[in-house]
Amino acid sequence: MNTLALLGAGASVDAGVPGSTAMTRQIVAALDTPQNQYYGITHAVNYAIGAMIAHRTANGANAYAGIDVEDLFSAVQMLAERESLEIAPFVQWSPALAGVRQGGGSMPAFFDKDFREGVLENRAFKGPGEMIKKAVEALTGSNSASTEELYTRLQMELLNALTRLVSVTDKDVDYLHPLLPTSDTPVEIATLNYDRSVELLCERRGVRLDTGIASWSGGSDWQWDEEAEVRLLKIHGSIDWRIHEEKGLGGLHETKVVTVGASDSPHYGSLPGVVFGARGKLRADGPFLSMLREFENMLARADRLLVVGYSFRDAHINVALTRWINSSPLRNITVIDPAFNNDPRVYERSSFSAQLLSATRSLEGSQWVRKLNLRVLKNTAAQGLTAPDLWSRPPEGAEFAHLVENKSDVTQVGADVS
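Per chain, residues are indexed from 1 in the order of the written sequence. Whole-chain, interface and lining totals are the exception, using all residues; otherwise, since this is a predicted model, local features are given only for residues with pLDDT of at least 70 and side-chain atom pairs are given and counted only at 80 or more. By convention in this description, side-chain values take in all heavy atoms of the structure and omit both hydrogens and water.

Caption draft 1: Structural detail: the pairing of strand S5 (residues 237-247). Within S5, eight of the eleven residues are buried, which leaves the element mostly enclosed by the surrounding structure. Strands are labelled as partners when DSSP assigns at least two bridges between them. Each helix is a run of DSSP H or I of at least 4 residues and each strand a run of E of at least 2, with the numbering of both proceeding from the N terminus. In this sheet, strand S6 (residues 253-259) lies alongside S5 in antiparallel orientation, the contact comprising seven bridges. Within the sheet, the bridge partner assigned to Lys 247 lies in S6 and is His 253. What sits between the antiparallel neighbours S5 and S6 is a turn of five residues, in which Gly 251 has the positive phi angle 90°. Working definition: with a 1.4 Å probe on protein chains only, accessible area under 20% of the residue-type maximum means buried, over 50% means exposed, and in between means partly exposed.

As structure tokens, then:
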């Protein structure tokens with residue numbers, strides 16, 4: 001039976017990578033430097049988080065639940081582009097946004113000289129009002145353009161902080177060893193994470209790994225090293241990838257991706273090679289569309305899916321999973337996630353998690369029919385991957401059961417879809 005492993009953020013927590021809300025707290029702490037305070041970066045990120053918490057609590061959410069780092073990045077993206085958004089003519093932005101200051105409140109260069117010359121020496125000078133307006137904007141950071149520039153810079157600071165926080169060492173990744181191959185058949189792993197935990201594990205164990213990025217030449221096909229024992233598809237990119245533009249034979253610039261080591265200088269005039277934020281998961285440039293297509297190919301080759309630490313909140317991944325589940329009756333899925341709830345009523349009815357649970361017990365006519373074999377291990381990745389029967393077939397017990405496990409006991413419960 002061919003198994004595809006899908007790794008989400010929870011799969012890297014045991015390697016020391018912060019979870020989504022903890023990541024937000026640590027990024028904010030990392031950005032709180034004297035330089036960032038001077039240039040308004042600290043003010044900008046704190047304002048964004050405060051506004052998001054206020055909005056959510058006004059709608060009944062828990063004020064202490066924290067802000068998901070990808071939601072924060074999406075908000076920062078929109079603030080950086082707010083005047084160019086299609087909805088901009090219909091939106092009245094918060095007046096507090098104009099108070100987010102950039103540049104340390106400095107007067108424009110040569111203001112004194114230019115103003116004096118304009119008033120005293122140039123009789124045709126008719127622009128003192130415009131010069132004073134620009135001086136006030138410079139002192140207060142209140143002009144829209146400067147605020148957008150500030151949030152554009154904040155995007156870069158968030159990305160750079162992210163790449164530092166997801167760095168792991170090889171001593172932290174041994175718990176992932178059950179994912180490594182035990183036969184001559186290559187293991188296929190798709191990950192939504194940016195860290196190098198799987199790569200470090202393979203380096204430490206002497207296992208040949210390929211991400212396919214070195215062979216990608218800009219097309220839609222994804223090529224693998226035929227000698228690779230592990231095929232690792234990094235759907236959202238990697239902290240050791242850099243995106244840069246390169247002029248092709250036809251004279252047009254094209255997005256390319258290069259892999260850099262820790263000692264290499266990222267001089268490619270580039271961003272980190274990751275897609276980050278809920279709005280940016282499907283970008284036209286780079287290899288990301290090609291990898292999403294290869295993910296569907298991986299699913300087509302798989303009889304069973306092992307999901308580790310994924311919260312089922314990425315719409316593009318969920319669409320691919322939906323197609324795979326619906327392409328054959330009684331697909332087998334094992335989920336390792338301590339936060340997964342086996343009661344579909346705690347989720348919104350349209351959510352992917354609720355649909356998964358409901359598929360384990362679906363009412364057709366007057367009969368209950370099982371459409372999906374779903375097994376849930378309510379463990380961390382380190383605990384769940386050591387389950388002695390992790391790779392066994394789902395139990396043939398109760399007709400409409402999915403299995404829920406934790407460290408202390410094993411229970412079978414039916415999915416209540418009422």
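Caption draft 2: The arrangement of the packing of helix H9 (residues 288-301) against helix H10 (residues 315-326) in detail. Note on definitions: angles span 0 to 180 degrees between N-to-C directions of axes, and those axes are lines fitted to C-alpha atoms, for helices only across the stretch in contact. With their axes 10 Å apart at the nearest point, H9 and H10 run at an angle of 30° to one another. In terms of orientation, H9 and H10 fall into the roughly parallel class. For the pair H9 and H10, the sense of crossing is right-handed. Each of Leu 292, Phe 295, Glu 296, Leu 299 and Ala 300 in H9 lies in contact with H10, whose residues at this interface are His 316, Ile 317, Ala 320, Leu 321, Arg 323 and Trp 324. Tallied by class, the residues present in the contact of H9 with H10 amount to eight nonpolar, one polar and two charged. Roughly parallel refers to an angle under 35 degrees, roughly antiparallel to one over 145, roughly perpendicular to one between 65 and 115, and oblique to any angle outside these ranges. Each crossing gets its hand from how the near helix is turned against the far one by less than a right angle, where anticlockwise is left-handed and clockwise is right-handed. The criterion used for residue contact is that any of the two residues' heavy atoms lie within 4.5 Å. Residue polarity follows a fixed list, in which Ala, Val, Leu, Ile, Met, Phe, Trp, Tyr, Cys and Pro are nonpolar, Asp, Glu, Lys and Arg are charged, and the others, Gly among them, are polar.

Caption draft 3: A look at the environment of Asp 14. Here Asp 14 lies in the loop between strand S1 (3-7) and helix H1 (20-31). C-alpha of Asp 14 to C-alpha of Asp 174: the two residues are 160 residues apart in sequence and 9.8 Å apart in space. Excluding residues within four positions of it along the chain, Asp 14 makes contact with Asp 172, Tyr 175, Thr 380, Ala 381 and Ala 382. In the analysis that follows, any N or O atom pair within 3.5 Å is treated as a polar contact, provided that within protein one partner can donate a hydrogen and the other can accept it, and provided that, for residues neighboring in sequence, both atoms belong to side chains. Within the structure, the side chain of Asp 14 is placed 3.0 Å from the backbone nitrogen of Ala 382, a separation counted as a polar contact.

Caption draft 4: Up close: the nonpolar core. Ranked by internal contacts, the top residues of the largest apolar core, which has 60 residues, are Leu 72, Tyr 151, Leu 154 and Ile 189. Leave out the neighbours within four places in its chain, and Ile 189 touches Leu 4, Ala 5, Leu 7, Leu 179, Val 198, Val 230, Arg 231, Leu 232, Leu 233 and Met 298. The criterion is simple. A nonpolar core is a set of buried Ala, Val, Leu, Ile, Met, Phe, Trp, Tyr and Cys residues joined through side-chain atoms within 4.5 Å. The next biggest cluster of nonpolar side chains, apart from the first, holds 40 residues, and it includes Trp 216, Trp 222, Leu 233 and Phe 352.

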